[in-house]
Each structure stands twice: as C-alpha cells, then as structure tokens.
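Examining the three-dimensional arrangement
Below are the chains, spelled out letter by letter.
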Amino acid sequence: MRTILVLNGPNLGRLGSREPDVYGAANLEDLRAYLVAEAPDDVTIDLRQTDDEAELMHWLHGAADSKTPVILNPAAFTHYSYALRDAATQVTKGGTPLIEVHISNPHARESFRHNSVISEIATGVIAGFGFDSYRLALDYLVRLQ
Ligand code: DQA
C-alpha cells in the first residue's frame, strides 16, 4: 500500500457551513470520501485537518522523514506562515512531492490572498477547482509513483 497525506489547515474543518458561496456545501468528510473513491485500491488516503500551525508542521516533518507525498491546503497559513514554508521545504528538498491546493482561486479574491509563501517551494500548485483541486493533485501523485 502507498499512502498520500492530504493535510488541511485552519478553518477547513468548517467546510460545509463556512462561506458556502466560496467553498461549496460539502464538508471535509465528503472530501475524504471523494478522494478515497478516486484513489486506486493500493493507495491509502490519510486526510487530516488542524487549526494548529505546530501540529501541521509536525505532520510535514513526519512526511519529510517517511517520504510520504503530500497534498497540502495550507488555508490562511498560505499567505504568511514562514514556519510552515520551512517545514514544507523539508519535504520537497528531501525529494518528496508536495502539491499546494486551494478550493477557491485566491488570485480572484482579496489582495492579501494573492501571495503564497508556500508556492515557491511546492512541487506544484492547483487552485480554483473546488474539491477537484485535490483530485487533480491526487491524479498527479498516483501517476508519479
Ligand atoms: C483556501 C484559500 C485561502 O486564502 C483561505 O484562507 C482558506 C482556504 C482555499 O482552499 O481556497 O482558508 O486555502
């Protein structure tokens, strides 16, 4: 079995009730079910969410050490967390892919969302396709392995 980590940052546990006009009506369990259904049988989807920056960093440290590919929605940390960037850098510089994803298209929103401190060190970035941003990242990682 191969594992793909799907890590979600702050407020994404509120999907379903949070700004449905922006993020849709589906929740994180719907996302998990969607990705599990889309993943090949030999791929385990390990989907997690936290509002805690340190916890997210520790998950990235684990991914760097175990060389587990990551799909990361850093949520608002995207725009300012150098600590998260440094943790994510350990994943990609160690040769493990990390795809930054966003449900919405941050570039079509408020100007503070236009900058990502993560994108420069991510393997790639997919944004604006709703839950399909994650699915497209999954497709890439599955083909890669
Ligand atoms: C988000 C976009 C971020 O700007 C925002 O802070 C989020 C979600 C997205 O998935 O569209 O929490 O990462």
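Everything here concerns the structure above.
A brief structural summary. (Residues numbered from 1 in each chain as written. Predicted model: local features only at pLDDT ≥ 70, side-chain atom pairs only at ≥ 80, totals over all residues. Heavy atoms only, no water.)

Here we come to the pairing of strand β1 (residues 2-8). Of all 7 residues making up β1, 5 are buried, and the element is well covered by its neighbours. Sheet analysis places β1 next to strand β2 (residues 43-49), joined by 7 bridges and oriented parallel. Within the sheet, the bridge partner assigned to L7 lies in β2 and is R48. Both β1 and strand β3 (residues 70-73) contribute to a ladder of 4 bridges, which runs parallel. What sits directly across from L5, in β3, is V70. (Buried < 20%, exposed > 50% of the residue type's maximum accessible area, 1.4 Å probe, protein only. Helix = DSSP H or I, 4+ residues; strand = E, 2+ residues; numbered from the N terminus. Pairing = 2+ DSSP bridges.)

What follows concerns the pattern of salt bridges. Applying the stated criterion across every chain yields a total of 9 salt bridges. The residue R2 makes a salt bridge to D42 at a minimum N-O spacing of 3.3 Å. Highlighted residues: R2 in strand β1 and D42 in the loop between α2 (28-38) and β2, separated in sequence by 40 residues. For R2, a relative accessible area of 22% corresponds to the partly exposed category. Of the residues examined, D42 reaches a relative accessible area of 36% and is grouped as partly exposed. R135 is the partner of D139 in a salt bridge, and the nearest nitrogen-oxygen pair spans 3.0 Å. Taken together, the residues span about one helical turn, with D139 and R135 both in helix α5 (residues 132-144) at a distance of 4 residues. With a relative accessible area of 24%, D139 lands in the partly exposed category. (Salt bridge = Lys/Arg side-chain N within 4 Å of Asp/Glu carboxyl O.)

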